[in-house]
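# Remarks on the overall topology
Given next are the chains, with one letter for each unit.
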Amino acid sequence: MDSGDEQDVPNSQSRKKRYHRHTPRQIQELESLFKVCLHPDEKQRLQLSRDLGLEPRQIKKKIGFLCEQNRKGTVFASLIDSGAWQGQQERADNCLLRAENDKIRCENIAMREALKNVICPSCGGPPPDDDSYFDEQKLRMDNTKLKEELDRVSNLASKYLGRPLTQLPPVQPVSILSLDLSAGGYGDAGISPSLDLDLLCRSSSSAFPFQCPSTVSDLEKPLMVEMATGAMEEVIRLVQTDEPLWVKSSDGRDILQLETYDSMFQRLGRQLKFPDTRIEASRDSALVIMGAMTLIDMFMDASKWVELFPTIVSKARTIEVLAAGMAGSRSGSLLLVMPVLKPFQLNINFQTCYHTDMFNGMQMYEEIQVLSPVVPTREFCFLRYCQQIEPGMWVVADVSVDYPRDNQLALSSRSRRLPSGYLIEEMPNGYTKLTWVEHMEIEDKNPIHILFRDLTNSGMLFGAQRWLAALQRMCERFACLNIAGLPARDIGVAPSPDGKRSMMKLAQRMLSSFCANVGASNGHQWNTISGLNDVGVRVTIHKTTDAGQPDGVVLNAATSMWLPISSEKVFGFFKDERTRSQWDVLSNGNTVQEVAHITNGSHPGNCISLLRGLNSGQNTMLILQECCTDAYGSVVVYSPVDLPAINIVMSGEDPSYIPILPSGFTILPDGRAAAGASSSSNPMVGSSGSLLTVAFQILMSSLPSAKLNLESVMTVNNLIGTTVQQIKSALNCPDI
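Residues numbered from 1 in each chain as written. Predicted model: local features only at pLDDT ≥ 70, side-chain atom pairs only at ≥ 80, totals over all residues. Heavy atoms only, no water.

Under the annotation held in an unreviewed UniProt entry, the protein chain carries the name START domain-containing protein and is attributed to Musa balbisiana. Recorded in UniProt for the protein chain, the comment headed Sequence similarities (unreviewed entry) runs: "Belongs to the HD-ZIP homeobox family. Class IV subfamily." (UniProt positions renumbered as here; feature names shortened; annotations may be inferred.)

What follows is the structure, encoded as structure tokens:
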């Protein structure tokens, strides 16, 4: 914009024009006038000329120039530059709108506060908060969900109860209202004070591959109660009926007659649906040295169940308590349980006891195994139901239930636990008689390894006989713990009951740790690294951060093989400290001496030993070893422990934080009858050979982020290979 205009020169002789440049004040005043009035009159121009010291003609000419510039769209920079004028107007409008908005908000708040005190003239209550249209839509959505749930439960009922849901008898309201669904329904009143069960490490169910959500709806609970009740009635008949339902085989075992069974217990969907499915059924009875109520309490507690059967159950967890039952008798207990068996098995289990004034239940997960990486695991989902049928007598019934869910609980196999269970009779002098029935429908998705095929087909892997044998051994262990003083065979450094108890607790943790890491659990990814035999050496790694284990990454390595020697003889070879130098590569051929011995069973092979190497140059390191055996298998587990840790144990202090990394052996009969054998009372003696599993655990790295490396693999491969060769040489079967 020009800041000045031409001035007429009085000298007409001069042809040059003089230009007068306006001062900033003059320009500012002229622009201010132009913003207010585009066409000032004569009076306004005269007033402005006097104020600015300009001629009226100059004022008029300057205003004309501004109008011309405005018509061409070139308004002063101060008016149009960056939208200053428009910005000022917008800010003013925004302030007005904001003030109006605040006013409306205050009115809205005041109206809401007033509505809170409004009373409905018809009912005297407050008015509804939500619009009736949205209430109706919400009710319609809830109604649709309930119909879908009812259809799913109807299908479940018709499949497992053999009739449609419409034919079910009506559920009494009293039975449902009496359900106590509190998770803490189990008291300690049923635990016998004469037994110290603190040896049970109650952390077995903590390390789970996934979290188990609550999955039982209110509509399903009555159906599950009826299923569990039907299973209990079937178990009672299976226990009490002999021929023609059960017949004795030539080796003295009870054999279930499937045709008779199908005619006695008719149920829809019982027919086998898959070609690879087979039936396993067994029954046996035994006396155990434990009170009935203490035993029932351990059956109904997932963590105690794992520690009661460390060689069979690798994991167990209560998923949901469905009914709590009566304190002190477990009557009315109802549990939803998921066990995983070794081989792997996932089960849901209800446990219930009879008294109708209280009903009890929970949900649990379990894994059952064979102590070898070769044998696959089985999965079940079952209900466990416990009922007191008369004074001093209880029935615990298990039955599988299909539990489809879009979550991590989906089963990987179609194996099912048909109605199975235990009749528990209280006997004098603290003993209990158990009659155990196992009845399974097994789907073999993968071929069974030839080493374990005969043993699997014999039904001994998960038969009633094996469960009872393991239970008898563990009950004897608890009884030996409470014997005052030391038996004559016990020697060495266990001077007090507290020291004995502490050593047994450490040994129990060592055994549980070994069993949890040697099987084919779903938490282990075993890889074959060599062709030592048909099985090969299999390795896996896992991180350890728990108290009582070395921090870092642990490498597990194991192999299984067949030996033409009875299981009893193989177990005696590993148990004897005098022959240890023949197979223990790490002893460098040095002999060992037993410095402490604790008996924990009636069989002389069930014991805990503390060993010291002679001439080894490591006087500060000892070996803790536990040997346990029964009619259906044996385990020898050991771990090095330094002398300060042993002093802590012997003083009776808590050994929970003493780090141990166990290795060892498992010995099973091969399932083939030896020549002249006619009884199954002791398969360890009657078998023609044995199945040996050798397992080592080594701390690969103390860094939790360490990866499997070739050096560690070669080290453990050579360790197992050398150990196997020395075992074969010592047992005079090098060519096997």
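That covers the picture; the talk isn't over yet.
### With respect to the packing of aromatic side chains
Taken as a whole, this structure holds 16 aromatic pairs when the rule is applied. Pairing Trp583 with Phe665 gives two aromatic rings, centres 4.9 Å apart and planes at 90°, and the pair type is edge-to-face. Taken as a pair, Trp583 in the loop between helix H15 (567-575) and strand E19 (592-599) and Phe665 in strand E23 (residues 663-669) lie far apart in primary sequence, 82 residues in all. For Trp583, a relative accessible area of 1% corresponds to the buried category. (Phe/Tyr/Trp six-rings, centres within 6.5 Å; stacked < 30°, edge-to-face > 60°. Helix = DSSP H or I, 4+ residues; strand = E, 2+ residues; numbered from the N terminus. Buried < 20%, exposed > 50% of the residue type's maximum accessible area, 1.4 Å probe, protein only.)

### Quick notes on empty space enclosed by the protein
Counted by the stated rule, this structure contains six cavities of 30 Å³ or more. For the largest cavity, the calculated volume is near 150 Å³. Along the walls of the largest cavity sit 15 residues, with Thr311, Arg466, Gly633, Ser634 and Leu668 positioned nearest its centre. Listed by contribution, the elements that provide at least two residues to the lining of the largest cavity are helix H13 (464-481), strand E21 (621-630), strand E22 (633-642) and E23. A class-by-class count of the residues in the lining of the largest cavity yields seven nonpolar, five polar and three charged. Mapped onto the domain boundaries, the lining of the largest cavity takes at least three residues apiece from domain 2 (219-323 + 359-402 + 413-477) and domain 3 (483-672 + 688-731). (1 Å grid on protein atoms, 1.4 Å probe; cavity = no way out; pocket = protein on both sides within 12 Å on 5 of 7 lines; lining within 4 Å. Points joined across faces, edges and corners; volume = space filled by probe spheres on them. Nonpolar A, V, L, I, M, F, W, Y, C, P; charged D, E, K, R; others polar. Domains from an automatic or database assignment.)

### Concerning the sheet that holds E21
The strand order across the open sheet built from nine strands is E16-E17-E18-E24-E23-E22-E21-E20-E19, with neighbouring strands paired in antiparallel fashion. Of all the strands in the sheet, the pair left with one neighbour each is strand E16 (527-530) and E19. The sheet shows a mean angle of 25° between the axes of neighbouring strands, taken without regard to direction. Set on the sheet, H15 makes contact with strand E18 (552-563), strand E20 (607-613), E21, E22, E23 and strand E24 (690-701); between it and E23 the angle comes to about 160°. Sitting on the sheet, helix H18 (residues 710-730) touches E16, strand E17 (537-544), E18, E23 and E24, and the angle it makes with E18 is about 30°. (Pairing = 2+ DSSP bridges. Axes fitted to C-alpha atoms, helices over the stretch in contact; angles between N-to-C directions. Contact = heavy atoms within 4.5 Å.)

### Looking at the pattern of salt bridges
Scanning the model with the defined rule gives 14 salt bridges in all. Notably, a salt bridge pairs Asp254 with Arg283, separated by 3.1 Å at the nearest N-O pair. One end of the pair, Asp254, is in strand E4 (residues 254-256); the other, Arg283, is in strand E5 (residues 277-288), with 29 residues separating them in the sequence. The partner of Arg278 in a salt bridge is Glu280, with the nearest N and O atoms 2.5 Å apart. Classification of Arg278 by relative accessible area gives buried; the value is 19%. (Salt bridge = Lys/Arg side-chain N within 4 Å of Asp/Glu carboxyl O.)

### Concerning H13
The first and last C-alpha atoms of H13 sit 26 Å apart over 18 residues, in line with the 26 Å expected at 1.5 Å per residue. Most of H13 is tucked away, with 16 of its 18 residues classed as buried. (Expected span 1.5 Å × (residues − 1).)

### Quick look at unusual backbone geometry
Cis geometry is adopted by the peptide bond preceding Pro244, which originates at Glu243 and carries an omega value of 5°. Tracing the backbone through its elements, the reader meets Pro244 in the loop between helix H8 (220-240) and strand E3 (246-248). Phi is positive for Asn429, which is not a glycine, with a value near 60°. Along the chain, Asn429 falls in the loop between strand E14 (420-426) and strand E15 (432-443). Its identity is not glycine, yet Asn732 carries a phi of approximately 60°, on the positive side. Counting through the fold element by element, Asn732 comes out in the segment after H18. For Asn732, a relative accessible area of 69% puts it in the exposed group.

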